[in-house]
Amino acid sequence: TQDRPLAGKRALVTSGPTREAIDPVRYISNHSSGKQGHAIAAALARLGAEVTLVSGPVTVPDPAGVKIVKIESADEMLAACLAAGAIDVAVCAAAVADWKAAHPVTAKIKKQNGVPPPRLELAPNPDILATLSKPGPTRPSLVVGFAAETENLIANAVDKRKRKGCDWIVANDVSPATGTFGGERNTVHLVSAEGVEDWPTLAKEEVAVRLAVRIADHLGRPRPA
Ligand code: C5P
């Protein structure tokens, strides 16, 4: 129908930061608020999609009408995404930590007088966007990633789209002057195989609604034979 164009479609959204344990009390993370990803999940649900939102630790409220799966680490985020089953569209808005502790320990690392600080060895995290984008029979028909850059935004986003194998990249300018990080508004560019679309500065909710409408238009199009 017209106001629920995503009825019958399944969507997966990742949102928020990940938290990578060093020991039971310490972790590596970042400042992602989850605002943009949560707003996208809510917007897709309002258009009728069955949405699974896989979220790292955030303080924004759980959006209405979505199935929320709360995880901490990137490994858990990937497992939750793969467990979501067949999906039509994936939107990876999470700020996944690039690295995790190579050797997390189960007991708190003790500070001892005269003992030098421990060295933290890092290991790479799985790339969830690249994993979901891999060609194959279960690949979603549309995979959307984000690129946050302070310089060479478009060139980096075009490159990232190819490198990750996703269909669209939502490129956002996170220069400090824009106030994007943790802020209410976002200035984005939609990068696809067709080219680059510049969107005006909008509230994150409005970016989410526009993106959801674009996703509905795309999934509603007859498939090329
Ligand atoms: O490589 P970079 O972190 O700049 O890419 C950003 C995009 O990739 C975002 O869509 C983010 O959600 C996704 N990503 C991911 N898993 C990672 C790293 C990034 O899904 N390990």
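Residues numbered from 1 in each chain as written. Predicted model: local features only at pLDDT ≥ 70, side-chain atom pairs only at ≥ 80, totals over all residues. Heavy atoms only, no water.

## A word on the overall build of the protein
Thinking step 1. The number of helices and strands found in the protein is five helices and 14 strands.
Thinking step 2. Taken over C-alpha atoms, the radius of gyration comes to 18 Å for the protein, in line with the 17 Å a tight globule of 225 residues would show.
Thinking step 3. With the C-alpha coordinates of the protein rotated into their principal frame, the extents come out at 70 × 40 × 35 Å.
Thinking step 4. Counting over 225 residues, the protein shows a buried share of 43%.
Thinking step 5. Counting only carbon and sulfur atoms, one obtains 54% of the accessible surface of the protein, whose full area is about 12,300 Å².
Thinking step 6. Taken as two groups, the 27 positive and 24 negative side-chain charges of the protein have centres that lie 3 Å from each other. (Helix = DSSP H or I, 4+ residues; strand = E, 2+ residues; numbered from the N terminus. Rg over C-alpha atoms; globule rule 2.2 N^0.38 Å. Buried < 20%, exposed > 50% of the residue type's maximum accessible area, 1.4 Å probe, protein only. Areas by Shrake-Rupley, 256 points an atom, 1.4 Å probe, with all protein chains shown as cover. Lys, Arg positive; Asp, Glu negative; His and termini not counted. Charge placed at Lys NZ, Arg CZ, Asp CG, Glu CD.)

## Description of the UniProt feature "binding site: CTP" (unreviewed entry) in the protein
Thinking step 1. When the UniProt feature table is mapped onto this chain, "binding site: CTP" (unreviewed entry) is found at D98, K108, P126, D127, I128, L129, F146, K160 and K164. Maximum C-alpha separation among the annotated residues is 38.0 Å over a sequence range of 67 residues, too wide for a single clustered spot.
Thinking step 2. Structurally, F146 is set in strand β9 (residues 142-149).
Thinking step 3. Since its relative accessible area comes to 18%, F146 is described here as buried.
Thinking step 4. If near-sequence neighbours (up to four positions away) are discounted, F146 is found in contact with Q36, I40, V91, C92, A93, K160, I169, V170 and N172.
Thinking step 5. Residues within four places of K164 in sequence aside, it is in contact with D127, L129, A130 and S133. (UniProt positions renumbered as here; feature names shortened; annotations may be inferred. Contact = heavy atoms within 4.5 Å.)

## Description of the nonpolar core
Thinking step 1. By size, the foremost hydrophobic cluster in this structure holds 33 residues, and its most contacted members are L44, V51, V91, L211 and I215.
Thinking step 2. Beyond its immediate chain neighbours, meaning those up to four positions away, L211 contacts I40, V91, W168, V170, L190 and W199. (Core = buried A, V, L, I, M, F, W, Y, C linked by side-chain atoms within 4.5 Å.)

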